[in-house]
Structures are given as structure tokens and as C-alpha cells.
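For reference, the chains in residue letters:
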Amino acid sequence: MRKLLIFAVLVAFFVTSAFQVNPKHASILENDIVDLAVQTDILSTLVAAVKAGDLVDVLKGDGPFTVFAPTNEAFAKLPAGTVENLLKPENKAQLVAVLTYHVVPGKVYSKDLKDGMKAKTAQGGELTISLKNGKAMVNNATVAAVDIEASNGVVHVIDTVILPPM
């Protein structure tokens, strides 16, 4: 029994010491969602799209927002020419619809996600959350990184661009 108690104390010590305060965390929270995306190379296509859609000021606003952020690879999986077409000024309304479909008002953390959950987007549509084999899915996109804190919300990185029903 004593050995078990000592083992439990050692495990508790090593587990708690592994979770030290990250000095970079404070600076991360000073950055809003747009600033974080700009600093993340794998989100450069998303940043270009947000700029083309004139959504920078919105996503720099108070929020809070939850953003399901597609990577550059996610945009590359779209049919050839899709991104270029969406970035054209004459397609701005469609671009804004696609981008705001990735935004949910409020903060939704990974611990809040439930299988079958519906989330209303800023675009007006709904996203469906599913949990399979330890992975979270948003519609047909796999969540690759979760709970990235920003001063005005939280970001989850996804591997596929989710398109609103049109």
C-alpha cells in the first residue's frame, strides 16, 4: 500500500510539473484572431481571403468568436481555380459567405464539443460536430489543432474548407 501511495505521489508530481506556465501564453492572448492567423504560415491563404472579403476589422472586433481555420492545404484541396475565383472582387459576397460559415459567435472549446452538436455560424447556416475515433469533425473537416487562444476568441485549425449549402 505504501509503495502505491509513493508511486501516486511521484506520478502527481511529474504530471503537475509537466504543466508549467508558458511565458509565451501571455503574449498570445494579446493577439486577436487575425494577428494569430497572420503569424501562422499555414494559414496564409485564409489571411488573404479574410483581407479580400474585408473581414479583417470584424475578426479584430471584440467577439468572442470561434473560428474553424482551414489550412493552406485545405484550400489547395478545393477544385482548381476555386480560390482564385473566390478572391475576385465580383465574387466577394460568395467569399464572405464561405468565410463566415467558418465562424461561430462565442467561444467553443474542444471540451464543449459533443457528437451530433449543431453550431450556428455567423453566415447563418449550421455546422454539425461529430466525434469519431478520438477526433472531432466539423461537417467533413477534421479538427487538426484545438483551443488556440486569442484575445477575442478561440481558433481550431481544420484540414478542409467547409462550404455552406448554396
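Refer to the structure above for everything that follows.
The structure displayed is predicted, hence computed values, not measured ones. (Residues numbered from 1 in each chain as written. Predicted model: local features only at pLDDT ≥ 70, side-chain atom pairs only at ≥ 80, totals over all residues. Heavy atoms only, no water.)

K.L.:
Would you take a moment to explain the side chain of Asp32 for this structure?
P.N.:
Position of Asp32 among the secondary structure elements: in the loop between helix 2 (23-30) and helix 3 (33-38). Given the relative accessible area of 9%, Asp32 is considered buried. A polar contact of 2.8 Å, which involves the side chain of Asp32, links it to the backbone nitrogen of Asp35. Non-local contacts of Asp32, meaning those with residues more than four positions away in its chain, are made with Leu59, Lys60, Ala150, Ser151 and Asn152. (Helix = DSSP H or I, 4+ residues; strand = E, 2+ residues; numbered from the N terminus. Buried < 20%, exposed > 50% of the residue type's maximum accessible area, 1.4 Å probe, protein only. Polar contact = N/O pair within 3.5 Å; in protein donor to acceptor, adjacent residues only side chain to side chain. Contact = heavy atoms within 4.5 Å.)

K.L.:
Explain the pairing of strand 1 (residues 65-70) here, please?
P.N.:
Side-chain direction in a regular strand flips from residue to residue, so the side chains alternate between the two faces of the sheet. The buried count for strand 1 comes to 6 of 6 residues, which makes it a mostly enclosed element. Taking every second residue as pointing to the same face, both faces of strand 1 are buried, with Phe65, Val67 and Ala69 on one and Thr66, Phe68 and Pro70 on the other. Bridging between strand 1 and strand 2 (residues 103-105) involves 3 bridges; their strand directions are antiparallel. Residue pairing in the sheet places Val67 in a bridge with Val103 of strand 2. Judged from the 6 bridges that link them, strand 1 and strand 7 (residues 153-158) form a sheet pairing that is parallel. The residue bridging Ala69 from the neighbouring strand is Val157, located in strand 7. (Pairing = 2+ DSSP bridges.)

K.L.:
What is the right way to read helix 4 (residues 44-52) from this model?
P.N.:
The α-helix advances 3.6 residues per turn, and as a result positions three or four apart in sequence lie on the same side. When we look at burial in helix 4, the residues that qualify are Leu46, Val47, Ala49 and Val50. Take helix 4 and look down its axis: the buried residues cluster within an arc of 165°, on one side only. Where the residues of helix 4 are buried, they touch helix 3, helix 5 (56-59), strand 1, helix 6 (72-76) and helix 8 (92-100). Two residues or fewer past helix 4, Asp54 is found with a positive phi of approximately 55°. (Arc of directions from axis to C-beta.)

K.L.:
For this particular structure, what's the right way to read the packing of helix 4 against helix 8?
P.N.:
For any two helices packed against each other, the geometry comes down to the angle between their axes and how far apart the axes lie. Here helix 4 crosses helix 8 at 130°, and the two axes come no closer than 9 Å. As the angle between them shows, helix 4 and helix 8 are arranged oblique. Crossing handedness for the pair helix 4 and helix 8: left-handed. Contacts between helix 4 and helix 8 involve Leu46, Ala49, Val50 and Ala52 from the former and Lys92, Leu95 and Leu99 from the latter. Its residues assigned to classes, the contact of helix 4 with helix 8 comprises 6 nonpolar, no polar and 1 charged. (Axes fitted to C-alpha atoms, helices over the stretch in contact; angles between N-to-C directions. Parallel < 35°, antiparallel > 145°, perpendicular 65-115°, else oblique. Left-handed = near helix turned anticlockwise from the far one by under 90°. Nonpolar A, V, L, I, M, F, W, Y, C, P; charged D, E, K, R; others polar.)

K.L.:
Please explain the pairing of strand 6 (residues 141-150) as it appears in this structure.
P.N.:
Note: strand 5 (residues 135-138) against strand 6, 2 bridges, orientation antiparallel. Each bridged residue has a counterpart across the sheet, and for Val138 the counterpart in strand 6 is Ala141. The antiparallel hairpin formed by strand 5 and strand 6 contains 2 residues in its connecting segment, where Asn139 sits at a positive phi of about 55°. Between strand 6 and strand 7, which pair antiparallel one after the other, the connecting turn spans 2 residues.

K.L.:
What is the right way to look at unusual backbone geometry in this model?
P.N.:
Trans is the prevailing form of peptide bonds, just as negative phi is the prevailing case for residues other than glycine. For the bond from Gly63 to Pro64, the omega torsion is 5°, close enough to zero to count as cis. Examined against the element boundaries, Pro64 turns out to sit in the loop between helix 5 and strand 1. Here Asn133, not a glycine, exhibits a phi torsion of approximately 50°, which is positive. Of note, Asn133 is situated in the loop between strand 4 (126-132) and strand 5.

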